[in-house]
Amino acid sequence: MPVFSGGRRIPAHPVRPSFRDPRFALLLVGQSAGWVCSWAASLVLWGFAAYHFGANPAGISLTALCWSGPPVVLTAFTGGLTDRFGPRTMLIIGYTCSAATSLGMSVSGSLTSLDIMALACGAARSLCSPASSALPTRIVEPDDLLAANSLLGVTASIGQVAGPLAASVLMATAGFRIAFTADAIMYLVGALVLIPLPVLPLPEEPRNAEAMATRRPVYGLSWFRTATAGAVAVAREPGLRAIALARMGVIFTSGAFLVIEPLYTRHVLHQPSSQFARFEAATGIGAVVTGLLLPVIRRRVPGIRSPMWLLTAGAVSYGLAAALFTGTPWVLVAYLGAFVWGVCGTVFYAVAATTLQRLAPAGKLGRVSGVISTAESTTESLGMPVAGALVAVIGLQPGALLLAAVAVAAGAVCLLR
């Protein structure tokens, strides 16, 4: 946090993306807690609705929509709040509100009240997505962005692995209400570790009166115009359009494979559901290992920043790894494919985040991130029914290969652009 000496503003010291910097190490702990909470809370929510309130499939679907719908709808708008108040502030608010809604879910007395709190929690989480994307640019130097994004990506993988495990242990040993309370505590931990982080000034801050006059109305725009400001920025910048296209292609394949993976494990490999969980673990291990190694590789190969060819390679290799994973009848080869899939996904998302942060106009990163995040969420949701229909029409493995080709095609088009 900047300090003042004799009326003179002393710049904040940037965070180093290393475990040796205690501020960044605490940030990793807080972000991991946030991801674990997000995964755990969703599972506890479904279980609470089904087992405590006896919800039928339609009721559970409504609860799921209340949980997942607000980020899809609101993220494009909450990006404007990130640009106005800063990512650190919005993350603290988002985590604190998420903690409050988790406590609200713990005392819900009916399925309706649970749905209302799930809706509120979804709205709180929509504050966090653009802020998380924008945070690295305000705490680390530009040359450290790739390393920071890579290590922060590890926290998402940790949440994906540890979140369901934490939820199952808490539900089995302490009950649903205590599980919600534990989620609230972890959200507060995530908020507290953000407080000591420094905030660097925005790059290329407008100085003259004309620039300030151009910028000032942004903060007074309506929600609709705030969202379109991010969309206009993406439409005007070819690099941002390429990033959006590549990320939508990769997330479409990812969402589709949520349907493909369990079917493949059962009908092609003839393995029990526990095998599917082990494949997920292999993917998570690949992601975590790569996230830890990428900063080391970046330091030893200084020329690696975030070039478009590397973004393309990440998207193409992600699709090819998905094809390898589900294109074989052998379990060991499927393990290799799952591991490589995690590796490629980590590289792609770290490079995509870094490239986005470099190309987004100063002061608009939150809105640009919000628009792209909304597009990703919509594409991911479309991927699941498309996968089901495709498998029904042309079969499991041909459908899987075609869905994997979407990520490959998006990467290729990204390079051409």
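Everything quoted here is computed from the prediction, not taken from an experiment. (Residues numbered from 1 in each chain as written. Predicted model: local features only at pLDDT ≥ 70, side-chain atom pairs only at ≥ 80, totals over all residues. Heavy atoms only, no water.)

Per the secondary structure count, the protein includes 14 helices and two strands. For the protein, the share of sequence-separated contacts (at least 6 apart) that also reach a separation of at least 24 residues comes to 83%. Element-wise, carbon and sulfur atoms account for 70% of the exposed surface of the protein, whose accessible area totals about 18600 Å². (Helix = DSSP H or I, 4+ residues; strand = E, 2+ residues; numbered from the N terminus. Contact = heavy atoms within 4.5 Å. Areas by Shrake-Rupley, 256 points an atom, 1.4 Å probe, with all protein chains shown as cover.)

Moving on, we come to the nonpolar core. Among the nonpolar cores identified, the biggest contains 51 residues, and Phe 257 and Leu 403 are the most heavily contacted of them. Counting only elements with at least two residues in this core, the list comes to α8 (223-236), α9 (238-267), α10 (273-300), α11 (308-326), α12 (331-359), α13 (365-394) and α14 (396-416). In contact with Leu 403, not counting residues within four places along its chain, are Phe 252, Thr 253, Ala 256, Phe 257, Ile 260, Val 386, Ala 387 and Leu 390. Counting residues in hydrophobic clusters, the runner-up holds 24 residues, among them Leu 91, Cys 128, Ile 139 and Ala 191. (Core = buried A, V, L, I, M, F, W, Y, C linked by side-chain atoms within 4.5 Å. Buried < 20%, exposed > 50% of the residue type's maximum accessible area, 1.4 Å probe, protein only.)

A contiguous nonpolar surface patch, about 410 Å² in accessible area, is contributed by Ile 285, Val 289, Leu 293, Ile 297 and Phe 339. Positionally, Ile 285 belongs in helix α10. (Patch = residues over 30% accessible without salt bridge, like charges linked within 9 Å, V, L, I, M, F, W, Y side chains within 5 Å. Salt bridge = Lys/Arg side-chain N within 4 Å of Asp/Glu carboxyl O.)

So, about the UniProt feature "transmembrane region" (unreviewed entry) in the protein. Using the residue numbers shown here, the UniProt feature "transmembrane region" (unreviewed entry) corresponds to residues 24-46, 58-77, 178-197, 242-264, 276-296, 308-326, 332-356 and 400-416. In the segment residues 178-197, helix accounts for 75% and strand for 0%; the C-alpha atoms at its two ends are 31 Å apart. Spanning residues 276-296, this segment combines 100% helix with 0% strand, and its end C-alpha atoms are found 31 Å apart. (UniProt positions renumbered as here; feature names shortened; annotations may be inferred.)

Attention now goes to α11. For α11, with 19 residues, the first-to-last C-alpha span of 28 Å sits near the 27 Å given by 1.5 Å per residue. Of the positions making up α11, those classed as buried are Leu 310, Leu 311, Thr 312, Gly 314, Ala 315, Tyr 318, Gly 319, Ala 321, Ala 322, Ala 323, Phe 325 and Thr 326. (Expected span 1.5 Å × (residues − 1).)

Moving on: α14. Over its 21 residues, α14 runs 31 Å from end to end, which matches the ideal 30 Å to within 8%, given 1.5 Å per residue. Among the residues making up α14, those that are buried are Leu 396, Gly 399, Ala 400, Leu 403, Ala 404, Ala 407, Ala 410, Gly 411 and Cys 414.

As enumerated under the stated definition, the model contains 10 aromatic pairs in all. Ring geometry for Tyr 318 against Trp 341: centres 5.5 Å apart, planes inclined by 50°, an arrangement best described as tilted. With Tyr 318 in helix α11 and Trp 341 in helix α12, the pair connects residues that are 23 residues apart, well separated along the chain. By the burial criterion, Tyr 318 is buried, and Trp 341 matches it. (Phe/Tyr/Trp six-rings, centres within 6.5 Å; stacked < 30°, edge-to-face > 60°.)

If you walk through the whole model with that rule in mind, you get four salt bridges. Measuring nitrogen to oxygen at the nearest pair gives 2.7 Å for the salt bridge that ties Arg 16 to Asp 144. Linking Arg 16 in the loop between β2 (8-10) and α1 (22-52) with Asp 144 in the loop between α4 (111-139) and α5 (145-173), this pair joins segments that are 128 residues apart in sequence. By relative accessible area, which is 48% here, Arg 16 ends up partly exposed. Classification of Asp 144 by relative accessible area gives buried; the value is 12%. A salt bridge links Arg 247 to Glu 376; its shortest N-O distance comes to 3.0 Å. With a gap of 129 residues between them, Arg 247 in helix α9 and Glu 376 in helix α13 connect regions that are remote in the sequence. Classification of Arg 247 by relative accessible area gives buried; the value is 11%.

Another aspect to go through is the environment of Pro 142. Inspection of the secondary structure puts Pro 142 in the loop between α4 and α5. Residue Pro 142 is classed as partly exposed on the basis of its relative accessible area, which comes to 48%. Measuring from C-alpha to C-alpha, the distance between Pro 142 and Arg 358 comes to 8.0 Å, with 216 residues separating the pair along the chain.

Quick look at the packing of α1 against helix α6 (residues 176-192) now. Close contact between α1 and α6 brings their axes to 9 Å; oriented N to C, the two are set at 160°. As the angle between them shows, α1 and α6 are arranged roughly antiparallel. Crossing hand, α1 versus α6: left-handed. Across the contact of α1 with α6, the residue classes tally to 14 nonpolar, six polar and two charged. (Axes fitted to C-alpha atoms, helices over the stretch in contact; angles between N-to-C directions. Parallel < 35°, antiparallel > 145°, perpendicular 65-115°, else oblique. Left-handed = near helix turned anticlockwise from the far one by under 90°. Nonpolar A, V, L, I, M, F, W, Y, C, P; charged D, E, K, R; others polar.)

Another aspect to go through is the environment of Gly 122. Of note, Gly 122 is situated in helix α4. Residue Gly 122 is classed as buried on the basis of its relative accessible area of 0%. Beyond its immediate sequence surroundings of up to four residues, Gly 122 is in contact with Trp 67, Pro 70 and Pro 71.

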